[in-house]
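This is what each chain is made of:
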Amino acid sequence: DGGITQSPKYLFRKEGQNVTLSCEQNLNHDAMYWYRQDPGQGLRLIYYSQIVNDFQKGDIAEGYSVSREKKESFPLTVTSAQKNPTAFYLCASSMNGYGYTFGSGTRLTVV
Amino acid sequence: AQKVTQAQTEISVVEKEDVTLDCVYETRDTTYYLFWYKQPPSGELVFLIRRNSFDEQNEISGRYSWNFQKSTSSFNFTITASQVVDSAVYFCALFYNQGGKLIFGQGTELSVKP
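If you're wondering where the values come from, they're calculated on a predicted model, not measured in any experiment. (Residues numbered from 1 in each chain as written. Chains lettered and ligands numbered in written order. Predicted model: local features only at pLDDT ≥ 70, side-chain atom pairs only at ≥ 80, totals over all residues. Heavy atoms only, no water.)

## A closer look at unusual backbone geometry
Residues and elements named next belong to chain A.
Move 1: Between serine 7 and the following residue, proline 8, the backbone shows a cis peptide bond with an omega angle of -5°.
Move 2: Within the fold, proline 8 resides in the loop between strand E1 (4-7) and strand E2 (10-13).
Move 3: Backbone geometry places asparagine 28, a non-glycine residue, at a positive phi of 60°.
Move 4: Inspection of the secondary structure puts asparagine 28 in the loop between strand E3 (19-25) and strand E4 (31-37).
Move 5: With a phi close to 65°, asparagine 53 is a non-glycine residue in the positive phi region.
Move 6: Along the polypeptide, asparagine 53 turns up in the loop between strand E5 (43-51) and strand E6 (54-57). (Helix = DSSP H or I, 4+ residues; strand = E, 2+ residues; numbered from the N terminus.)

Rendered as structure tokens:
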């Protein structure tokens, strides 16, 4: 079945460490997105990519980095520059905004 | 600027009551899509409806109905005869072609008590 796979489901990071969240889709969607969710703040866009080897910053890109080397994959790295990384992270893919598919999310906690 | 506002942060109702979740949006684009998603405690987003800017027909799906009014830039969502299983966070979202991205409102947490 087609869909989006995010891994891991839970991730713990020590302060000062970089961590990478995985997002893979087999829907042949061109566009992929990363969102961050904090309690009471809804979903905020971190980065998005509309085509392979190209991506744009969203509203809260500072402290994050992405790559889009393959159509199927859009990994997100949370760097040590992100001062408050504890949050729920959702990945999504879309074909031209017509339909979105979301992953099941990764819950990142700084310990 | 493109923006989605869900002014109701939390709503609490008793089972079988009707409840309306408000959504107001801002966009300069003439072509855009509006969405509603449900997020249960497990965290995944469940798609409920998509409406394009040229279709102002209201829609009903079972106990769910949506009222789209371009004149007031609103896309409100009503649950009739609410049930405990409707308890979740509900998000309204806007996709506009010029931006190529989906932006969300802050979400409304609905609690339906037995």
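Still to come is the rest of the account.
## Points about the interface of chain A and chain B
Move 1: Each partner contributes residues to the interface: chain A has 19 residues there, and chain B has 17 residues.
Move 2: Buried area between chain A and chain B, both sides added, is near 1500 Å², and the carbon and sulfur share of it is 56%.
Move 3: Between chain A and chain B we count zero salt bridges in total.
Move 4: Where chain A meets chain B, there are three residue pairs in polar contact (both at pLDDT 80 or more).
Move 5: Taken together, the elements giving at least two residues each to the side of chain A that touches chain B come down to E4, E5, strand E9 (87-94) and strand E10 (100-102) of chain A.
Move 6: Top contributing element to the side of chain A that touches chain B by residue count: E5(A), with four residues.
Move 7: Considered class by class, the residues forming the side of chain A that touches chain B number 10 nonpolar, eight polar and one charged. (Contact = heavy atoms within 4.5 Å. Buried area = accessible area lost by both parts, 1.4 Å probe. Salt bridge = Lys/Arg side-chain N within 4 Å of Asp/Glu carboxyl O. Polar contact = N/O pair within 3.5 Å; in protein donor to acceptor, adjacent residues only side chain to side chain. Nonpolar A, V, L, I, M, F, W, Y, C, P; charged D, E, K, R; others polar.)

## Considerations on the pattern of salt bridges
Move 1: Counted by the stated rule, this structure contains six salt bridges over all chains.
Move 2: A salt bridge links Arg36(A) to Asp38(A); its shortest N-O distance comes to 2.8 Å.
Move 3: When its relative accessible area of 10% is taken as the criterion, Asp38(A) is described as buried.
Move 4: One salt bridge in this structure joins Arg51(B) and Asp55(B), with 3.7 Å as the shortest N-O distance.
Move 5: The exposure class of Arg51(B) is buried, given its relative accessible area of 5%.
Move 6: Judged by its relative accessible area of 26%, Asp55(B) falls in the partly exposed class.
Move 7: Connected through salt bridges with shared partners, the residues Arg36(A), Asp38(A) and Arg44(A) form a single ionic network. (Buried < 20%, exposed > 50% of the residue type's maximum accessible area, 1.4 Å probe, protein only.)

Honestly, it's all geometry; don't read function into it.
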